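# Descriptive analysis of the structure
One letter stands for each residue in the lines below.
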Amino acid sequence: MIEIVFLIPLATGALAFFLPRPSGRTLLTLTGAVHLVLSILLWVRQPEALFAEYFAITPEGLLSLLVISLLFFLISIYTTGYLEAANIRSERVFTGSMLVFLSTMTMVTLSDHIMVMWIAIEATTLASAPLIYTHRSAATLEATLKYVLICSVGIALALLGSVLIALSMDVGGVNAPVAFSALTVVAKRLDPLWLKAGFVFILVGYGTKMGLAPMHTWLPDAHSEAPSPASALLSGVLLNCAYLGIFKTNKIMHAAGLGHFSGTILIVFGLASILVAATFILKQTEYKRLLAYSSIENMGIIAFGTGVGGLGAYGAVLCLIHHSLIKSSLFLSSGNILLGYGSRLIENTGALARRMPRTFVAFFSGFAGISGFPPFGLFLGEVFIIIGAFRGGHYVGAGIFMLSLCVIFAGFANHVMRMSFSDAEAVDRIEEKSTMVWPQYVLLLTSLVLSFWVPESLYETIVHAVNSIGGGL
Amino acid sequence: MIRPVDTILALVLLSVLISFGSSRLPALIKVVAFQGVVVSIVPFFIGHGLTFGGVVFTLVTLVIRGIAIPMFIYLAIKKTAIHREVEPIVGYHASLMAGLALMVAATFVSPKFNLPQSAGNALLLPTAITLLAAGMFLLMARRNAIAMVLGYIVMENGIYLVGTGFSVRTHHIVEFGILLDVLAGVMIMAVILQNINQAFDDVDTALLRSLKE
């Protein structure tokens, strides 16, 4: 009965649309807690699915599910504080959409059938659109329309890709369920031409949702216009869900012996994303857009690592986990800064270290983590990817990769230093609620702990997932 | 002998050309509605041996695609005094030429794919490719946000043709997925458009340029 994990948030989400504000907030946190417990149970017990044709437990799905669940629980705690501080008119729609969004993302991690996966990813777009539109201003409208239109077109291409993969079965004369697990088994007999075409469309389609350049244009708008808890969810877990679709298709490609083809395309898209991020981070004026471009950079890193394979693929999964933890904490901290200073512009902030010391600690260590400083896991992941790239003979790619990371670090550091230490007109302390600070600390601490000590079962799950796309230590 | 499916697909191609030449939104909506109806009945004429469930599903698709969605969009623009011009970036004559070029290219490319069933339905793949490209074209070459949504629907029509025409295996789930997609996606887009209208008095996306970089 693994389906219960996404049915519960769906039900409570529907309920939340009708509940008064305080009980809606309680329901949000409560569902987050129940979801976390269920996800851990799923991890330990690994039960069978009721509809085994459509849903299945896979190592990569479990990893994403656990990250989603932990993040959502912590973000829901932050959200209760945020909703009190920020005056949101349509709060019931906000909490309800958050829960439905959680449900759809959980469905993505558990789906095995190609079409169910596609429906679930499309559902994440529709469920998250009201979240971006929460503030009801002209700018949020534009961001929402851009998000829905660009992602829908992208996802329509992914649908075409899914249909083409089904077509590769017809042409190859294979009779099997149209599910990722079944297709990986019979991959060698699929028609390679249609399989390749299917992969390209799926990569472009889900890549749009994942924020790979040049299809990333919706991402900075959506992430900066959404309320901060929603931005944290969008950046921390939604991008991972889209990546999961690419990951699973890549698995079929590797099983079919076409890993080189898919790897090359992933490397190109990955490097393009990192380069775009490097260009735009340098002259950014808003801190939430800065974080959004950093997400594009990290998705590029992950795509590059997956394409490189070997040690790089292992590094990519590490980056995926740590990026989620660190970036969501950064977005939550940016919510505190926005509430405190009342402006999204970097130039209107300043003296963060003196005015909001507790947020400053979270924001600055988050910055250190996301830039790949040694105690945090992204450092390990990126080093693995670079080693993997050199081992695979991608010298030019590795060169561009390292150079761009340096540029991004320089740009990011410049902005963060200005926000943290520059002189501000006012120097008085801004009040910080503890429920809006410690979720970030927990997220960063989790990332820190995972950098030094990885539980045995987690390590095995990662290695198991990575092996199927030609990776390993 | 002319087979009915070829006639239907020719009508689809014609609707693409008309949509490229339409300058007013109501006309464009009508063309897309017509296209939705015609595309939906294709499964009746390519002998996959329809079951009772299949017939019902196809009819539901027809109602939603050909009637419900166009009505919804039509009401959305009627209620709010939205600009009726599609505001082309590429002019109408150039668009028509591009449409013809698309069809020629699609016909030229299609035989290169070694499809098992394309022998029977020579027009099916070229039409599907044309629809996909035409949808993309409308998305890029029209500035009006509703025209862009209509372009998206045209693109979905193309995917529907690929899904139902070629792959027997994924038939129903493709239909279901597209229905869900179009229905929910278009509704949300229409709601947003109505709100944009209140905020800006215009759904011209050229005015929505405050967010960049």
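Residues numbered from 1 in each chain as written. Chains lettered and ligands numbered in written order. Predicted model: local features only at pLDDT ≥ 70, side-chain atom pairs only at ≥ 80, totals over all residues.

## Quick notes on the overall build of chain B
The condition that has to hold: Secondary structure elements are taken from DSSP: a helix is a run of H or I of four residues or more, a strand is a run of E of two residues or more, and numbering for both begins at the N terminus. Throughout, a residue-residue contact means that the two C-beta atoms, derived from backbone geometry, are no farther apart than 7 Å.
Of the regular secondary structure elements, chain B holds eight helices and zero strands. Secondary structure of chain B in N-to-C order comes out as α-α-α-α-α-α-α-α. By sequence separation, contacts in chain B at least 24 residues apart represent 72% of the contacts at least 6 residues apart.

## Brief notes about the overall build of chain A
Just so we agree on the cut-off: Residues with at least 20 other C-beta atoms within 10 Å of their own are called buried, those with 12 or fewer are called exposed, and the rest are partly exposed. The C-beta atoms themselves are positioned from the backbone.
When helices and strands are counted, chain A shows 19 helices and zero strands. The dimensions of chain A, computed from C-alpha atoms along their principal axes, are 70 × 55 × 45 Å. When each of the 473 residues of chain A is scored for burial, the buried share is 63%. Nonlocal contacts in chain A, meaning residues at least 24 apart in sequence, comprise 82% of its contacts between residues at least 6 apart.

## Regarding the confidence of the model for chain B
How we decide: Every residue carries a pLDDT, the predictor's confidence in it, which falls somewhere between 0 and 100.
Per-residue confidence for chain B gives a mean pLDDT of 78, with 70% of residues at or over 70. Taken together, the chains of this predicted complex give a pTM of 0.91 and an interface ipTM of 0.83.

## Focus on the nonpolar core
Condition: For the purposes of this analysis, a nonpolar core is taken to be any set of buried Ala, Val, Leu, Ile, Met, Phe, Trp, Tyr and Cys residues that are connected through C-beta atoms within 7 Å.
Core analysis: the largest hydrophobic core is formed by 223 residues, its most contacted members being V317 of chain A together with L150 of chain B. Counting residues per element, this core draws most heavily on helix α6 (residues 138-172) of chain A, which supplies 22 residues.

## So, the environment of I386 of chain A
Residue and element names in this part refer to chain A. With respect to the helices and strands, I386 occurs in helix α16 (residues 377-391). Through-space distance from the C-alpha of I386 to that of A398 is 6.1 Å; in sequence the pair is twelve residues apart. Not counting the four nearest positions on each side in its chain, I386 is found in contact with A398, F401 and M402.

## Comments concerning the packing of helix α10 (residues 228-255) of chain A against helix α12 (residues 287-308) of chain A
Residues and elements named next belong to chain A. As a reminder of what qualifies: Note on geometry: axes are lines fitted to C-alpha atoms, helical ones only across the stretch in contact, with angles between N-to-C directions running from 0 to 180 degrees. Throughout this description, any angle smaller than 35 degrees is read as roughly parallel, any larger than 145 degrees as roughly antiparallel, any in the 65 to 115 degree range as roughly perpendicular, and the remainder as oblique. For any helix crossing, the convention is left-handed if the near helix is rotated counterclockwise from the far helix by under a right angle, and right-handed if that rotation is clockwise. Nonpolar residues are Ala, Val, Leu, Ile, Met, Phe, Trp, Tyr, Cys and Pro. Charged residues are Asp, Glu, Lys and Arg, and all others, Gly as well, are polar.
Across the interface, α10 lies against α12 with an axial gap of 11 Å and an inter-helix angle of 20°. In terms of their interaxial angle, α10 and α12 are classed as roughly parallel. Two packed elements cross with a definite hand, and for α10 against α12 that hand is right-handed. Across from S231, S235, L239, Y243 and N250 in α10, the residues of α12 making contact are K288, S295, M299, I302 and T306. Partitioning the contact of α10 with α12 into residue classes produces four nonpolar, five polar and one charged.

## Points about α10 of chain A
Residues and elements named next belong to chain A. Put simply, the rule is: Multiplying one less than the number of residues by 1.5 Å gives the expected span of a helix. At every residue, the bend is computed as the angle between two fitted axes, covering the seven residues ending there and the seven beginning there respectively.
Helix length check: α10 (28 residues) gives 40 Å between terminal C-alpha atoms against 40 Å at 1.5 Å per residue, within 8%. Of all the bends in α10, the greatest measures close to 30° and is centred on L234. Most of α10 is tucked away, with 27 of its 28 residues classed as buried. Downstream of α10 by a residue or two, G257 has a phi angle that is positive, lying close to 80°.

## Structural notes on the packing of α12 of chain A against α16 of chain A
Residue and element names in this part refer to chain A. Across the interface, α12 lies against α16 with an axial gap of 9 Å and an inter-helix angle of 40°. By the angle between their axes, α12 is oblique relative to α16. Crossing angle aside, the handedness with which α12 passes α16 is left-handed. Where α12 approaches α16, its residues I301, F304, G305 and V308 are matched on the opposing element by E382, I385, G388 and A389. Grouping the constituent residues of the contact of α12 with α16 by class yields five nonpolar, two polar and one charged.

## Section: helix α1 (residues 4-16) of chain A
Residue and element names in this part refer to chain A. In plain terms, the rule: Picture the helix axis, draw a direction to every C-beta atom, and the arc is the one those directions span.
Given a rise of 1.5 Å per residue, 13 residues ought to cover 18 Å, and the 18 Å separating the end C-alpha atoms of α1 matches this to within 8%. Here α1 has its buried residues at V5, F6, P9, T12, G13 and A16. The arc enclosing the buried residues of α1, seen along the axis, measures out at 135°, which places them on a common side. For α1, the elements touching its buried residues are α2 (21-45) and α4 (91-110).

## A few points about unusual backbone geometry
Residues and elements named next belong to chain A. Look at the link from A213 to P214: it is a cis peptide, with omega at 0°. Relative to the assigned elements, P214 resides in the loop between α8 (192-210) and α9 (218-225). Not every positive phi belongs to a glycine, and Q46 is a case in point at roughly 50°. In this fold, Q46 is placed in the loop between α2 and α3 (59-85). Of note, A351 is a non-glycine position whose phi angle comes to about 50°, a positive value.

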